[in-house]
Amino acid sequence: MSKWRVSPVSLLQLFAILISHSVAAHPHPRYPCKPPHHDSYPFCNTSLSIPTRAQSLISFLTLKEKIAQLSNGAGRISRLGIPAYEWWSESLHGIAINGPGVAFNGSIKTATSFPQVLVTAAAFNRSLWFEIAKAIGVEARAMYNEGQAGLTFWAPNINIFRDPRWGRGQETPGEDPVVTAAYAVEYVKGFEGQSWGEEYREKRALEGTESGGALMLSACCKHFTAYDLEKWRNFSRYTFNAEVTKQDLEDTYQPPFRSCIQEGRASCLMCSYNQVNGIPACARRDLLDQVRNEWGFKGYITSDCDAVAIIYEDQKYAHSAEDAIADVLKAGMDINCGTYLLRHTESAVKKGKVLEKDIDRALFNLFSVQLRLGLFDGNPLQKQFGKLGTADVCTEQHRQLALEAARQGIVLLKNDNKFLPLDKSTVGSLVVIGPAANDTSKLGGGYTGYPCRPVSLYEGQRAYVKKTLFARGCFNVSCESVAGFTEAIHVAQKADYVMVVAGLDLTQETEGLDRVSLLLPGKQMELISAIANVSRRPLILVLMGGGPMDVSFAKDDPRIACILWVGYPGEVGGQAAADVVHGAFNPGGRLPVTWYPESFTRIPMNDMNMRANSTRDYPGRTYRFYTGDIIYGFGHGLSYSTVSYRFLSVPDRVSLLGSLVQTDFSKRSVYGRRGLPDFVLVDEVASCEALKFYIHFSVANNGDMDGSHVVMLFSRVGRGFEGAPTKQLIGFTRVHTEAYKATEASLLVDTCKQLSLVNDQGTRILPLGSHTLMLGGWEHSLNLDV
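Residues numbered from 1 in each chain as written. Predicted model: local features only at pLDDT ≥ 70, side-chain atom pairs only at ≥ 80, totals over all residues. Heavy atoms only, no water.

Right, let's get into the overall build of the protein. A tally of helices and strands in the protein yields 22 helices and 29 strands. In summary, the protein has a C-alpha radius of gyration of 27 Å against a globular reference of 28 Å for 786 residues, a match within 12%. A principal-axis box enclosing the C-alpha atoms of the protein has dimensions of 75 × 75 × 55 Å. For the protein, buried positions account for 63% of its 786 residues. By sequence separation, contacts in the protein at least 24 residues apart represent 78% of the contacts at least 6 residues apart. For the protein, the separation between the mean place of its 80 positive charges and that of its 80 negative charges on side chains is 1 Å. (Helix = DSSP H or I, 4+ residues; strand = E, 2+ residues; numbered from the N terminus. Rg over C-alpha atoms; globule rule 2.2 N^0.38 Å. Buried < 20%, exposed > 50% of the residue type's maximum accessible area, 1.4 Å probe, protein only. Contact = heavy atoms within 4.5 Å. Lys, Arg positive; Asp, Glu negative; His and termini not counted. Charge placed at Lys NZ, Arg CZ, Asp CG, Glu CD.)

Written as structure tokens, this is what we have:
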């Protein structure tokens, strides 16, 4: 790359957008093994195993043909009838325009835009996450069949939302590794097609031991690993060295990736731009070996876009372009998003830095995934998913699912004196103020495509209140001047109720752009206060955006009756917000990330440590370790109903006796009269399955509205283990409750996974002795012993 580039990905993104607007979509997907001239090769023989077919395909290729496959834009091999293939398509919360693999200029012009991931995560609903991913997968496969997309999509983003300023936190499921891991599993299972018919499941089972099984689509866990900074002061994501302790790596940053691979069975992993403790993530052989050898990954590893070039040109880690290529190929990376390998791999081979077997290893992983996708099985339109097409995109079913996701994800942060839901008899007129309120382009957030039928927040309110007026208040979300205040104040004075839509948009937070402040942008606070001064009743404040905001001024102001966080609610977000405001839906969303005060911005964003350190006045990060003040906490969310809990059945003791391998405890610190150890290593447990147990409980809805309620089960270690979380989420579920009735439910606790800690050596241990389980206001002591 030349020195004049603005950022390594900007030109690629521009190219992707140009492609999506200008290149005519092919009426059908191109595919290899077409009869009568190209279907007789061994790699076309579906009776052979996938590894055999992959090796066969590699054996036919020349070195130049092999190298041409090492880019996201894999070259065609005309003599074998193999067309070019684009690996890079995006599907974070719907089919997106990012990446050259997707084009909206064919028979399919739009796709369902679901809420941004952070909003969906706020629903804390695994089945909802699965259904959304499945719906996105259906639309993706339909677009492939129409020649408008590939089959390999680079989602989900499962990095931990560690710092509230991170511009891409909106794309993630939040700050908790348990929630993020659970989301990753559901997304991958739904998107890759792991719920389709018996024939499909049988094929997966038959091929599972050798290749990972058949796929409808391929999902990609990204960005591996410890990636959560775009641009802060002099630190850039392209050159940032994430200094991470073994404890934090094992305890916080890696669990989502491990679950995505082991439980979700993802077929792709993307390595990130940044270095991890001095070594570029795409060159971390130890971590990539762990993924394959310990976690059982069966798929391909792609670099983030231009991440290989950065290793030499920006990070100066490698001494030459050829060294950078050798570093990543020998570490286990398979494909480069970008053209660096296309341009320099042949030279690396000639110089002896890369062996042809290094390329063959990468090609084996790439071709294996393509074979699992059925790309070499003949005409895809005649196969299992071949009937999916235009009619399966933007369906009413998918729209209703997007609506339900937005409803469930909206979080009611404040509701003084039960101001909401609004009383129909008192709402003669309503004014909606804010530049984003009547702008549907603000609904999606980052990685969005072209939505089907978007409904703005203003339009949503009009469906309930005929006399609904709109005023911009500010010219744009940045709100850099008071121009527009006068009109907004004038309109607000005459309305029965006033709603102000404030918060963030992609000019404040996005890929490549971190925030500097946690306060509302520009003069938004002044606008809100000016409107509150003149409105007849306390106003409704609706907050858009993904990043946490310091809205303490509104939290403490009686002139602001309620605060709703809608995030980036997707194409039906306007209707969802109106349904909540007017009582057609009882809100139940919970914040998946801590909302910090503005004072948090004094904390260096490049400090990757999770745990607090009083000696250097460091408060820690996320609800698990943070010791400072908060605006709203992780898990905060109100409802129109009050809810109470009761434990029905929960054990007092879990014994590891009989579940441990023989171990010498003589060198461990001990407690109690019997000289028992403080802890055991999780690796010393022979049968974790035997230590699982259920907690049964009831959730009583004490209000007069039905609604779904998020149940969150936390635990903390009873005795002082240095570095232990203040508390840790160990289970969650969303339970539907009827007015004035109790609903019984249960949560399964995996002792080895959920009651364990990670010590300062990065080893997972089970602390023996007292553990406290917390459910709402209830606490229960559980003893773990040998």
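Let us keep going from here.
Spatial strand order, S11-S16-S15-S14-S12-S13: six strands in an open sheet with mixed pairing. Two strands in the sheet have a free side with no partner beyond their single neighbour: strand S11 (411-415) and strand S13 (468-471). Adjacent strand axes in the sheet meet at a mean angle of 20° when their direction is disregarded. In the sheet, strand S14 (residues 497-503) pairs with strand S15 (residues 539-544) via five bridges, with the strands oriented parallel. The residue bridging Met499 from the neighbouring strand is Ile540, located in S15. (Pairing = 2+ DSSP bridges. Axes fitted to C-alpha atoms, helices over the stretch in contact; angles between N-to-C directions.)

Among the nonpolar cores identified, the biggest contains 214 residues, and Leu543, Trp565 and Trp595 are the most heavily contacted of them. With eleven residues, the single largest contributor to this core is helix H5 (residues 126-145). Other than its neighbours up to four places away in sequence, Trp595 contacts Leu413, Leu543, Pro548, Met549, Val551, Trp565, Ile630, Ile631 and Tyr632. (Core = buried A, V, L, I, M, F, W, Y, C linked by side-chain atoms within 4.5 Å.)

Moving on: the pairing of strand S27 (residues 764-767). Pairing between strand S21 (residues 679-681) and S27: three bridges, direction antiparallel. Of the residues in S27, the one forming a bridge with Val680 is Leu766. Taken together, the two bridges between strand S26 (residues 757-758) and S27 define a ladder with antiparallel strand orientation. What sits directly across from Val758, in S27, is Arg764.

Next up on the list: the sheet that holds strand S28 (residues 769-775). If you walk across this open sheet you meet the five strands as S18-S29-S28-S23-S24, and the pairing is mixed. Each edge of the sheet is formed by a strand with only one pairing partner; in this case those strands are strand S18 (653-655) and strand S24 (728-737). Neighbouring strand axes in the sheet, compared pairwise and without regard to direction, differ in orientation by 20° on average. Bridge count between S18 and strand S29 (residues 778-785): three bridges; the pairing is parallel.

Another aspect to go through is the state of the cysteines. Note on terminology: disulfide describes a covalent bond linking the sulfur atoms of two cysteines. Counting across every chain of the model gives eight disulfides. One disulfide bridge connects Cys394 with Cys452, the sulfur atoms lying 1.9 Å from each other. The sign of the -80° torsion about the S-S bond sets the Cys394-Cys452 disulfide as left-handed. Note that Cys394 is positioned in the loop between helix H14 (356-372) and helix H15 (396-409) and Cys452 in the loop between strand S12 (430-433) and helix H16 (457-462), a separation of 58 residues in sequence. Judged by relative accessible area, which is 25%, Cys394 ranks as partly exposed. (Disulfide = S-S within 2.5 Å.)

Our focus in this paragraph is empty space enclosed by the protein. What the rule picks out here adds up to three cavities of 30 Å³ or more. Computed from the structure, the second largest cavity encloses a volume of approximately 60 Å³. Lining the second largest cavity we find Gly434, Pro435, Ala436, Cys474, Asn476, Val477, Cys479, Val501, Ala502, Gly503, Gln524 and Leu527. When contributions to the lining of the second largest cavity are tallied by element, the ones reaching two or more residues are S14 and helix H18 (524-534). When residues in the lining of the second largest cavity are grouped by element, the largest group, three residues, is from S14. Among the residues making up the lining of the second largest cavity, the classes are represented as eight nonpolar, four polar and no charged. (1 Å grid on protein atoms, 1.4 Å probe; cavity = no way out; pocket = protein on both sides within 12 Å on 5 of 7 lines; lining within 4 Å. Points joined across faces, edges and corners; volume = space filled by probe spheres on them. Nonpolar A, V, L, I, M, F, W, Y, C, P; charged D, E, K, R; others polar.)

Turning our attention to the packing of helix H17 (residues 485-494) against H18. Their axes nearest at 9 Å, the elements H17 and H18 cross at an angle of 30°. If you check the angle between H17 and H18, you find them roughly parallel. When you trace H17 past H18, the crossing you get is right-handed. Contacts between H17 and H18 involve Phe485, Ala488, Ile489, Ala492 and Gln493 from the former and Glu526, Leu527, Ala530, Ile531 and Val534 from the latter. Residue classes in the contact of H17 with H18 are distributed as eight nonpolar, one polar and one charged. (Parallel < 35°, antiparallel > 145°, perpendicular 65-115°, else oblique. Left-handed = near helix turned anticlockwise from the far one by under 90°.)

Locating Ser71 in the fold gives a position in the loop between helix H3 (63-67) and strand S1 (73-74). In this view, Ser71 contacts Trp87, Ile335, Asn336, Gly338 and Leu342; residues no more than four positions away in its chain are not counted.

A few words on the pairing of S13. Side-chain positions along a regular strand alternate between the two faces of the sheet. In this sheet, S13 lies alongside S12 in parallel orientation, the contact comprising four bridges. Across the sheet, Leu430 pairs through a bridge with Thr468, a residue of S13. A crossover links S12 with its parallel partner S13, the connecting element being H16, and its sense is right-handed. (Right-handed = clockwise from strand over helix to strand, strands pointing away.)

This brings us to the side chain of Glu511. Residue placement: Glu511 occurs in the loop between S14 and H18. Polar contacts involving the side chain of Glu511 include one to the side chain of Arg168, which spans 3.2 Å. Only 2.6 Å separates the side chain of Glu511 from the side chain of Tyr447, close enough to count as a polar contact. (Polar contact = N/O pair within 3.5 Å; in protein donor to acceptor, adjacent residues only side chain to side chain.)

Right, let's get into the confidence of the model for the protein. Looking at the protein as a whole, its pLDDT mean stands at 93, while 92% of the residues score no less than 70. Predicted confidence for residues 1-25 stays below pLDDT 50, and this span has 47 contacts to residues more than four positions away or in other chains. Between residues 198-209, whose pLDDT stays under 50, and residues either more than four places distant or in other chains, the model counts 25 contacts. (pLDDT = per-residue confidence, 0-100.)

Counted by the stated rule, this structure contains 41 salt bridges. Residue Glu396 is joined to Arg453 by a salt bridge in which the shortest nitrogen-to-oxygen separation is 3.4 Å. Taken together, the positions of Glu396 in helix H15 and Arg453 in the loop between S12 and H16 put the pair 57 residues apart, joining distant regions of the chain. With relative accessibility at 47%, the residue Arg453 sits in the partly exposed group. Note that Glu779 is salt-bridged to Arg716, the shortest N-O span being 3.3 Å. With Glu779 in strand S29 and Arg716 in strand S23 (residues 707-717), the pair connects residues that are 63 residues apart, well separated along the chain. For Glu779, a relative accessible area of 48% corresponds to the partly exposed category. The exposure class assigned to Arg716 is partly exposed, which follows from its relative accessible area of 30%. Residues participating in the shared-partner salt-bridge network are Arg168, Glu171, Glu230, Arg237 and Glu511. (Salt bridge = Lys/Arg side-chain N within 4 Å of Asp/Glu carboxyl O.)

Right, let's get into unusual backbone geometry. Residue Pro156 is bonded to the preceding Ala155 through a cis peptide linkage, with omega at 15°. Cis peptide bonds are those with omega within 30 degrees of zero, and the linkage from Leu420 to Pro421 qualifies with 0°. Relative to the helices and strands, Pro421 is located in the loop between S11 and S12. With a phi angle near 50°, Arg233 is a residue other than glycine that sits in the positive phi range. Here Arg233 is to be found in the loop between strand S4 (231-232) and strand S5 (235-236). On the basis of relative accessibility, which here comes to 61%, the residue Arg233 falls in the exposed class. A positive phi angle, close to 50°, is found at Lys418, a residue other than glycine. Its location among the elements puts Lys418 in the loop between S11 and S12. Judged by relative accessible area, which is 70%, Lys418 ranks as exposed.

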